[in-house]
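# Chains, contacts and geometry: an overview
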Amino acid sequence: MKMGTARNGSEDVVIKASLISKYFPGVIALDNVDFEVRKGETHALVGENGAGKSTLMKILYREYSEDAGSLYIDGKNAKGMGIPQVRNLGLSLIHQDLNLVPIFTVAHNVCMGLEPVNKLGFIDWKELKQKAAPYLREISSDIDLDAKVEELSTSQQQLVTVARALVAHPRFLILDEPTARLDQKSTEVLFDFLDRCKKKGITIIYISHRLEEIYRICDRITVLRDGEKILTVPVQELTQTELVKQMVGRELKQQVPKEESSIGEVVLSVRNLNPVAKAKDISFDLRSGEILGIVGSIGAGKSEVARAIFGADRKKSGVIRMQGEELKIRDPRDAIDAGIALVPEERRKQGLVTTESIRKNMTLASLRKKFCAGGFWIKQRKEKEAVEKSIKDFRLATPSAEQEARLLSGGTQQKVVIGKWLLSDSKIYMFDEPTKGIDVGGKHDIYKMIVDLAKEGAGVIFISNELDEVLAFCDRTLVIFDGRLVKEVINKDTTKDELLFYVMGGKDNESKNG
Amino acid sequence: MSQKTDNWNKFIANYGLLLAFLLAIIVFSLWSENFLRWGNVQNILIQTTSLGVCAFGLTLIMMMGEIDLSYAGLTGMIGAVMLKMIVAGYSPVSVVLVCLIIGMASGLCIAILVVGLGMSSFMVTLAAWFIYMGLERYIGHGVTHWIYKYDENILQIVQGHAGPLPVPIIIMLGLFLLCWLFQTRTRTGQYILALGENLEAVKEVGLKTKLLKGGTFVAGGLIFGLTGLIETLRIGGSMVYSGRFLLIYALGAVFLGSAAFKAGKYNFPGTLLGALFFYTIINGLTLNMVKFYYIPLVQGLFLILAVAITTVKRGEIEQVQF
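This structure is a prediction, so every number in the text was calculated from the model and none was measured. (Residues numbered from 1 in each chain as written. Chains lettered and ligands numbered in written order. Predicted model: local features only at pLDDT ≥ 70, side-chain atom pairs only at ≥ 80, totals over all residues. Heavy atoms only, no water.)

This brings us to the overall build of chain B. The helix and strand tally for chain B stands at 13 helices and four strands. Rg of the C-alpha trace for chain B: 20 Å, near the compact-globule value of 20 Å for 322 residues, within the 12% margin. Taking the principal axes of the C-alpha coordinates as reference, chain B spans close to 70 × 55 × 35 Å. Put simply, 77% of the contacts in chain B that link residues at least 6 apart link residues at least 24 apart. When the accessible area of chain B is evaluated, it comes to approximately 14,600 Å², of which 70% is carbon and sulfur surface. Computed over 19 positive and 13 negative side-chain charges, the inter-centroid distance for chain B is 1 Å. (Helix = DSSP H or I, 4+ residues; strand = E, 2+ residues; numbered from the N terminus. Rg over C-alpha atoms; globule rule 2.2 N^0.38 Å. Contact = heavy atoms within 4.5 Å. Areas by Shrake-Rupley, 256 points an atom, 1.4 Å probe, with all protein chains shown as cover. Lys, Arg positive; Asp, Glu negative; His and termini not counted. Charge placed at Lys NZ, Arg CZ, Asp CG, Glu CD.)

Structure below.
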């Protein structure tokens, strides 16, 4: 190594960030953070939402520059460097967001920025494909190189971003919550791949909210909390409960609050629902006070069911009855009027007006019903009181009700979206992946909000990709596989293994040992 | 069955505009026997030149998710500058060079304001349009001048022939080929498209997005400079605010074009077709003595039709994504 002399000490520190601080308007994102990564290790970076993980990674990748402190990558001072320079040093970042060009092919996205050209300066598409193939095959064998990225599932798109990171022949790989968008199968694929990377001596920084992943692949852990570094230790020196305690700063008794609720009459009955995309012939009943889980791998058609009931997508056919009465739902307004609420999956896209205040976001769905005099003038005081109360009830981390939604952390944003629907006093609530990408403490708050709703007699549909949480606090669970409702289980009579078996497409008459 | 309707929808979305164009040609040629005469076809092509060239520049900029309306004023200002130079006896070569340099300088100023300072491209270029109109008045004193009185040679740029083809047509088709090959075949061209689709994706792989964006504004400016040159020569003089009509036509051609070939996406073949369509309608209606004030009405209707096609198409695409 040429740069060996530039390093000091016997420790093989390849990334050394010292006393890094970063300020955003009104927020200290990072406060004098020290962060060291050793050569060849897999280093977990954990912390609650808003702890500063992503900010630190963006500083490493030079998307942001630090306001104070110093950063050395491979012995070189990174001050003044940009993304191209750190990429040349062998640093690659796999983003949480799928930063791909949807209308380009998979091969083109993988080789973006390094397209081979012929003598005329034109892109050599054939060679481009050949060049992309080995990198893509490294991570997936069933993605078509010629397919447009927009035709792929979210899981597949995430795998494409991994392949793209490989093209730069990284010696340091940063992964920012890579499994948040992956289904079970793709997650296994990713871990196999990371194992191979480790064997090759690639240094990995791994950001995740999933404890089992961290313990499975990481060597050391750094915990951030509220923009400060709490500790860095080898994984085996910290138990899972201790880790969570360090992240949250307060003790969590139980991950999921499970409470017995009294289940009443059928409030919603869905018969032969055919959404316009994916799902087919879905029929089920929902009772008041019940939390009904819907599980299935990514792309199985879970969200489509909820969106069709809510009127967010058109439906081809199907009957929806509420307390025995047939509903004609053509758009979300009909659904809201009937007392149905949907907390969507892509909260920034579908559930939040990011440039408006918490107050305006929270009362958006209930404005017409509850806070308007004569259906026109907004009753401002009543609105304000209700929002202030919600902020207290839901423990929203915000300076005031007037804070713009875009300035909130992901978890707080999700709470605002949920809070919005709670104010609407609906009879049926549908939650689509409400805890995705949210830290442990935030999840706990959201579970509690949902359990409280059920206790008050609402019917709740809870769509999730995480079997653990569905098992822990739903009463009953529907499994959707490839667009069809394949299994209904009572949660207290089932196990995670059984649920996973159906999620992965297992059938009753086949052996469950395979 | 639904597969069949799907394919049919796709076909209409991609080739609907082409079919409509052919239909218009058939209708006009039945309506007036002069319509398909070579002389008239040449007329349409020559008239389309400045619009086509301008719309190519606009396509490039709209492709990367920005807008540039400055051409509406730049064209007239360049006309005024050209007349000043021609009257003063400058050579055609120097006149052409100055036009192109003005265009690039304009693009560079816009790039600095939009890319460098992060201002809205719509507002900046709207302002630029007005500034150029003011400058045109200042330079030309609002008087219409005719070129032939001072210099016949320079008019050959648009009046000359290369073989059977008039030079303007060659300029337009040449520029089309250049833009098309550049955008679809070169890395830079593909990055410009990617900028409009997902800026972050371009940034993340370490490409210099600001340089790319700025460069595209300058390239657009260069093409708008060429537009000013051709339009002034085509008219044969400097007419007050001569670029104004281009504003809506060029935007219309680009929009109309996005309804063709790659439904919902800006593309150069579509833009060329859009520009030709506009002048075909004008020409066909004029030949048949339709009162001139109905022409914008018909064009407006076509534009709404084109937007309708792309909107339906986009709706379809979004449905699939959820």
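All right, on to the confidence of the model for chain B then. Residue and element names in this part refer to chain B. Looking at chain B as a whole, its pLDDT mean stands at 87, while 93% of the residues score no less than 70. The secondary structure element of chain B with the lowest average pLDDT is helix α13 (residues 295-321), at 65, and the one with the highest is helix α4 (residues 92-116), at 96. Long-range and interchain partners of residues 317-322, a stretch whose pLDDT sits below 50, account for nine contacts in this model, where long-range means more than four residues apart. Both scores are given for the predicted complex: the pTM is 0.74, the ipTM 0.83. (pLDDT = per-residue confidence, 0-100.)

Right, let's get into the packing of helix α5 (residues 154-167) of chain A against helix α6 (residues 184-199) of chain A. When two helices pack together, their arrangement is given by the angle between their axes and by how far apart the axes lie. Residues and elements named next belong to chain A. Relative orientation of the contacting elements α5 and α6 amounts to 15°, with a least axis distance of 10 Å. In this view, α5 runs roughly parallel relative to α6, as classed from their interaxial angle. Once α5 is placed against α6, the crossing between them reads as left-handed. Contacts between α5 and α6 involve Ser155, Leu159, Val162 and Leu166 from the former and Ser186, Leu190 and Phe193 from the latter. Grouping the constituent residues of the contact of α5 with α6 by class yields five nonpolar, two polar and no charged. (Axes fitted to C-alpha atoms, helices over the stretch in contact; angles between N-to-C directions. Parallel < 35°, antiparallel > 145°, perpendicular 65-115°, else oblique. Left-handed = near helix turned anticlockwise from the far one by under 90°. Nonpolar A, V, L, I, M, F, W, Y, C, P; charged D, E, K, R; others polar.)

Here we take up the pattern of salt bridges. Note on pairing: side chains with opposite charge can pair once their charged atoms come close. Residues and elements named next belong to chain A. For the structure on display, the rule yields 29 salt bridges over all chains. Taking the shortest distance from any N to any O, the salt bridge between arginine 330 and aspartate 334 comes out at 3.2 Å. Residue classification places arginine 330 among the exposed residues on the basis of a relative accessible area of 65%. A salt bridge links glutamate 402 to arginine 359, with the shortest nitrogen-to-oxygen separation between them at 2.8 Å. Here the residue glutamate 402 occupies a position in the loop between α14 (380-393) and α15 (410-422), and arginine 359 occupies one in helix α12 (residues 358-363), the gap between them amounting to 43 residues. A relative accessible area of 40% places glutamate 402 in the partly exposed class. Shared partners join several salt bridges into a network, and the residues in it are Arg62, Glu66 and Lys79. (Salt bridge = Lys/Arg side-chain N within 4 Å of Asp/Glu carboxyl O. Buried < 20%, exposed > 50% of the residue type's maximum accessible area, 1.4 Å probe, protein only.)

On the chain A side, the residues contacting the 22 residues of chain B number 32 residues. Interface of chain B and chain A: buried area, both sides summed, is about 2,500 Å²; carbon and sulfur atoms make up 59% of it. Between A:Glu115 and B:Arg187 there is a salt bridge; the shortest N-O distance is 3.4 Å. At the boundary of chain B with chain A, the tally comes to 10 residue pairs in polar contact (both at pLDDT 80 or more). Those elements that provide at least two residues to the side of chain B that touches chain A are α7 (167-185), α8 (187-197) and α9 (199-204) of chain B. If you tally residues by element for the side of chain B that touches chain A, the top one is α8(B), at six residues. For the side of chain B that touches chain A, the residue count by class is nine nonpolar, six polar and seven charged. (Buried area = accessible area lost by both parts, 1.4 Å probe. Polar contact = N/O pair within 3.5 Å; in protein donor to acceptor, adjacent residues only side chain to side chain.)

Below, the discussion takes up the sheet that holds strand β15 (residues 325-326) of chain A. What holds strands together in a sheet is hydrogen bonding between their backbones, with the strands either parallel or antiparallel. All names here are of chain A. An order of β12-β11-β14-β15 is seen for the four strands of this open sheet, with the pairing classed as antiparallel. Edge positions in the sheet fall to β12 (282-287) and β15, since each has one partner strand and no second. In terms of strand pairing, strand β14 (residues 315-322) meets β15 through two bridges, oriented antiparallel. Pairing of arginine 321 across the sheet is with glutamate 326, part of β15. Contacting β11 (266-275), β12 and β14, helix α9 (residues 302-310) crosses the sheet at an angle of about 110° to β11. (Pairing = 2+ DSSP bridges.)

All right, on to the nonpolar core then. Ranked by internal contacts, the top residues of the largest apolar core, which has 95 residues, are A:Met112, B:Leu51, B:Phe56, B:Leu58, B:Tyr71, B:Phe217 and B:Leu233. By residue number, the principal contributor to this core is helix α2 (residues 38-63) of chain B, which donates 12 residues. In this structure, B:Leu51 is in contact with B:Leu246, B:Tyr249, B:Ala250, B:Ala275, B:Phe278 and B:Tyr279, ignoring residues within four places of it in sequence. Of all hydrophobic cores here, the second largest spans 80 residues; its members include A:Ile320, A:Leu396, A:Leu471 and A:Leu499. (Core = buried A, V, L, I, M, F, W, Y, C linked by side-chain atoms within 4.5 Å.)

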